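Below, each chain spelled out in residue letters.
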Amino acid sequence: MIELEGIKFLTLKETGSMLNKHPETIRRWIKEKKLKSYKVGNVYYVKEEDIKNILFKQNTED
């Protein structure tokens, strides 16, 4: 995880762990534009806020 100006960004592996999904699933969601990511060099990062939004959405659909 990295933090820039108070915003936390997680790697695909960290994102997958937080959402209980495989990193390849996270990569697919990014490709399908279901999840926004930021690429720095060869590494993709996802905002922690976006992950929390997905978790909230999953919990309200149950």
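Further up the page is the structure itself.
All chains use their own residue numbering, which begins from 1 and follows the written sequence. For a predicted model such as this one, the threshold for reporting local features is a pLDDT of at least 70, and the threshold for listing and counting side-chain atom pairs is 80 or more; totals across whole chains, interfaces and linings nevertheless cover every residue. Only hydrogens and water are set aside; all other atoms, that is, all heavy atoms of the structure, feed into the side-chain values.

## Here we look at the sheet that holds strand β2 (residues 7–11)
What counts, and what does not: Any two strands with at least two DSSP-identified bridges between them are counted as paired. Numbering of helices and strands starts at the N terminus; helices are DSSP runs of H or I of at least 4 residues and strands are runs of E of at least 2. Axis lines are fitted through C-alpha atoms, for helices just across the contact stretch, and the angle between N-to-C directions can take any value from 0 to 180 degrees. What makes two residues a contact is simply this: any of their non-hydrogen atoms within 4.5 Å.
A sheet is described by the order of its strands in space; here 4 strands give the open sequence β1-β2-β4-β3, paired in antiparallel fashion. Across the chains shown, the open sheet's two edge strands, defined by having one partner strand only, are β1 (2–4) and β3 (38–40). For this sheet, the mean angle separating the axes of adjacent strands, direction not counted, is 35 degrees. Relative to β2, β1 runs antiparallel, the two being bridged by 3 bridges. Looking at the pairing, Ile2 lines up with Phe9 of β2. Along the sheet, helix α1 (residues 12–19) contacts β2 and β4 (43–47); its crossing angle with β2, the most-contacted strand, is approximately 95 degrees.

## Comments concerning the side chain of Asp50
Our working rule: With a 1.4 Å probe rolled over the protein chains alone, any residue whose accessible area is under 20% of its type maximum counts as buried; one over 50% counts as exposed, and the rest are partly exposed. Only four residue types enter the tally: Lys and Arg on the positive side, Asp and Glu on the negative side; His and the chain ends are excluded. When a carboxyl oxygen of Asp or Glu is within 4 Å of a side-chain nitrogen of Lys or Arg, the pair counts as a salt bridge.
Relative to the assigned elements, Asp50 resides in helix α3 (residues 48–61). Although Asp50 lies buried, it forms no salt bridge, and the closest oppositely charged side chain, Lys47, sits 5.6 Å away as judged by the N-O distance. Beyond its immediate sequence surroundings of up to four residues, Asp50 is in contact with Leu35 and Lys36.

## Things to note about α1
Using the following cut-off: The directions considered for the arc are those from the helix axis to the C-beta atoms.
Along α1, the positions that sit buried rather than exposed are Leu12, Thr15, Gly16 and Leu19. When α1 is viewed along its axis, its buried side chains cluster within an angular range of 100 degrees and face the same direction. Across from the buried face of α1, at angles greater than 90 degrees, the exposed residues are Lys13 and Ser17.

## A word on helix α2 (residues 23–31)
For α2, the complete set of buried residues consists of Thr25, Ile26, Trp29 and Ile30. The buried residues of α2 occupy an angular sector of 145 degrees when projected down its axis, which confines them to one face. Once α2 finishes, Lys33 follows within two positions and takes phi at roughly 65 degrees, a positive value.

## Concerning the pairing of β4
Looking at chain direction, β2 and β4 are connected through 3 bridges and run antiparallel. From the neighbouring strand, Thr11 faces β4, where its bridge partner is Tyr45. Bridge count between β3 and β4: 3 bridges; the pairing is antiparallel. Along β4, the bridge assignment pairs Val40 with Val43.

No statement about biological role is implied by the geometric values presented.
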